[in-house]
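# Working through the structure, step by step
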Amino acid sequence: GCGPPDLLLSAKFWSPAWKSVLGRQGAGLVAINAIGAEEGPLLALAAAALAHARALNEEAALGEGEGPMAAGVLEPCGAADRGTWTGFVPRPSVLVLGP
């Protein structure tokens, strides 16, 4: 597989995205469709997104309570797992990022 596009790893994408999501209240989340994504590129995307959020908070002091940022991937539980995922039926997952 391939990783995310360069734009999705850049400050050009994440600075306005985090500004619109976090704003003054700091309560928004970002959800990214990660269907069929491999672990390595998904971890790189999460790390880049969180690094841009930290840099933006340091630069602009967004939000009242600048708590820690986190990322997680939501996927089917073991009981719902098909056992076999293919290019036609990829494993469903969503990357969620936020405070």
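Being a predicted model, the structure only gives us computed values, none of them experimental. (Residues numbered from 1 in each chain as written. Predicted model: local features only at pLDDT ≥ 70, side-chain atom pairs only at ≥ 80, totals over all residues. Heavy atoms only, no water.)

## What about the sheet that holds strand E2 (residues 70–74)?
- Ordered by their spatial adjacency, three strands build an open sheet running E1-E3-E2, and the pairing between neighbours is antiparallel. Looking at strand neighbours, the two that pair on one side only are strand E1 (30–33) and E2, the edges of this open sheet. Averaged over all adjacent pairs, the angle separating strand axes in this sheet is 20 degrees, with direction ignored.
- Relative to strand E3 (residues 94–98), E2 runs antiparallel, the two being bridged by five bridges. Across the sheet, residue Leu-74 finds its bridge partner in E3, namely Val-94. (Pairing = 2+ DSSP bridges. Helix = DSSP H or I, 4+ residues; strand = E, 2+ residues; numbered from the N terminus. Axes fitted to C-alpha atoms, helices over the stretch in contact; angles between N-to-C directions.)

## Observations concerning the packing of aromatic side chains
- One pass over the structure, following the stated rule, counts two aromatic pairs.
- Ring geometry for Phe-13 against Trp-14: centres 4.9 Å apart, planes inclined by 85 degrees, an arrangement best described as edge-to-face.
- Judged by its relative accessible area of 32%, Phe-13 is partly exposed.
- Aromatic ring contacts, followed pair by pair, group Phe-13, Trp-14 and Trp-18 into a single cluster. (Phe/Tyr/Trp six-rings, centres within 6.5 Å; stacked < 30°, edge-to-face > 60°. Buried < 20%, exposed > 50% of the residue type's maximum accessible area, 1.4 Å probe, protein only.)

## Section: the confidence of the model for the protein
- Taken as a whole, the protein shows an average pLDDT of 80; of its residues, 81% reach a score of 70 or greater.
- Helix H2 (residues 39–60) is the least confidently modelled element of the protein, averaging 85 in pLDDT, while E1 averages 91, the highest of any element. (pLDDT = per-residue confidence, 0-100.)

## Some details on the nonpolar core
- Membership of the largest hydrophobic core comes to 17 residues, with the highest contact counts inside it found for Trp-14, Trp-18, Val-30, Ile-32, Met-69, Leu-95 and Leu-97.
- Apart from the residues lying within four places of it in its own chain, the contact partners of Leu-97 are Trp-14, Trp-18, Leu-29, Val-30, Ile-32, Ala-46, Ala-49, Leu-50, Ala-70 and Ala-71. (Core = buried A, V, L, I, M, F, W, Y, C linked by side-chain atoms within 4.5 Å. Contact = heavy atoms within 4.5 Å.)

## Focus on the pairing of E3
- With four bridges connecting them, E1 and E3 associate as antiparallel partners. Note on E3: the bridge partner recorded for Asn-33 is Val-94.

## Looking at the layout of surface pockets
- Its volume calculated, the largest pocket comes out at about 230 Å³.
- What lines the largest pocket is a set of 15 residues, among which Cys-2, Pro-4, Ile-35, Ala-37 and Glu-38 lie closest to the centre.
- If you list the elements that add at least two residues to the lining of the largest pocket, you get E1 and H2.
- In terms of residue count, H2 provides more of the lining of the largest pocket than any other element does, three residues in total.
- Partitioned by chemical class, the residues of the lining of the largest pocket number 10 nonpolar, four polar and one charged. (1 Å grid on protein atoms, 1.4 Å probe; cavity = no way out; pocket = protein on both sides within 12 Å on 5 of 7 lines; lining within 4 Å. Points joined across faces, edges and corners; volume = space filled by probe spheres on them. Nonpolar A, V, L, I, M, F, W, Y, C, P; charged D, E, K, R; others polar.)

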